[in-house]
Amino acid sequence: FIVLTSNVFAILGLRAMYFLLADFADRFVLLKYGLALILMFIGTKMLIVDFFKIPVLASLGVVAVILAVSIWLSLRLTRKAAIEPGAGGSI
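The model shown is predicted, which means the values in this text are computed figures rather than measured ones.

Attention now moves to the overall build of the chain. Helices and strands together make up the secondary structure of the chain, namely three helices and zero strands. Reading the helices (α) and strands (β) of the chain from amino to carboxyl end gives α-α-α. Split into buried and exposed, the 91 residues of the chain put 10% on the buried side. Long-range contacts, defined here as pairs at least 24 residues apart, represent 74% of the contacts in the chain between residues at least 6 apart. Of the roughly 7600 Å² of accessible surface on the chain, 76% is carried by carbon and sulfur atoms.

Turning next to the side chain of Ser70. On the secondary structure map, Ser70 appears in helix α3 (residues 56-83). Those residues in contact with Ser70 that sit more than four places away from it in its chain are Leu30, Leu31 and Gly34.

The end-to-end C-alpha separation of helix α2 (residues 31-47) is 24 Å, in line with the 24 Å expected for 17 residues at 1.5 Å each. Residues of α2 that are buried include every one of Gly34, Ile38 and Phe41, and no others. Viewed end-on, α2 has its buried residues packed into an arc of 60°, placing them on one side of the element. Turned more than 90 degrees from where α2 packs its buried face, Lys32, Tyr33, Leu39, Met40, Met46 and Leu47 sit exposed.

With that settled, consider the confidence of the model for the chain. Across the chain, the average pLDDT comes to 83, with 80% of residues at 70 or higher. Mean pLDDT across the elements of the chain ranges from a minimum in helix α1 (residues 2-24), with 72, to a maximum in α2, with 95.

Residue position: Ser59 is located in helix α3. Overall, Ser59 belongs to the buried group, its relative accessible area being 5%. Look past the residues within four positions of Ser59 in its chain and what remains in contact with it is Phe41, Lys45 and Ile54.

What counts and what doesn't
- Residues numbered from 1 in each chain as written.
- Predicted model: local features only at pLDDT ≥ 70, side-chain atom pairs only at ≥ 80, totals over all residues.
- Heavy atoms only, no water.
- Helix = DSSP H or I, 4+ residues; strand = E, 2+ residues; numbered from the N terminus.
- Buried < 20%, exposed > 50% of the residue type's maximum accessible area, 1.4 Å probe, protein only.
- Contact = heavy atoms within 4.5 Å.
- Areas by Shrake-Rupley, 256 points an atom, 1.4 Å probe, with all protein chains shown as cover.
- Expected span 1.5 Å × (residues − 1).
- Arc of directions from axis to C-beta.
- pLDDT = per-residue confidence, 0-100.

Pasting the structure below:
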């Protein structure tokens, strides 16, 4: 019973998180560009590993900063669009 209920609650929790992220998906307009930058950074890191080794923590920091900035700019950009008159929002 404990295993069954824990699995059910885990599935329900993930489902709620999925719907939460699905509602926010249209607000992350710049996320694809951030992910493209992350892929370019990782690819470059893999190409230069024989010449220069970038520390793991530095790589994680770069990835985290790029991801955070792209999400922050996306939310800021879509908030401005939602605030503008005639954007379909109600006050």
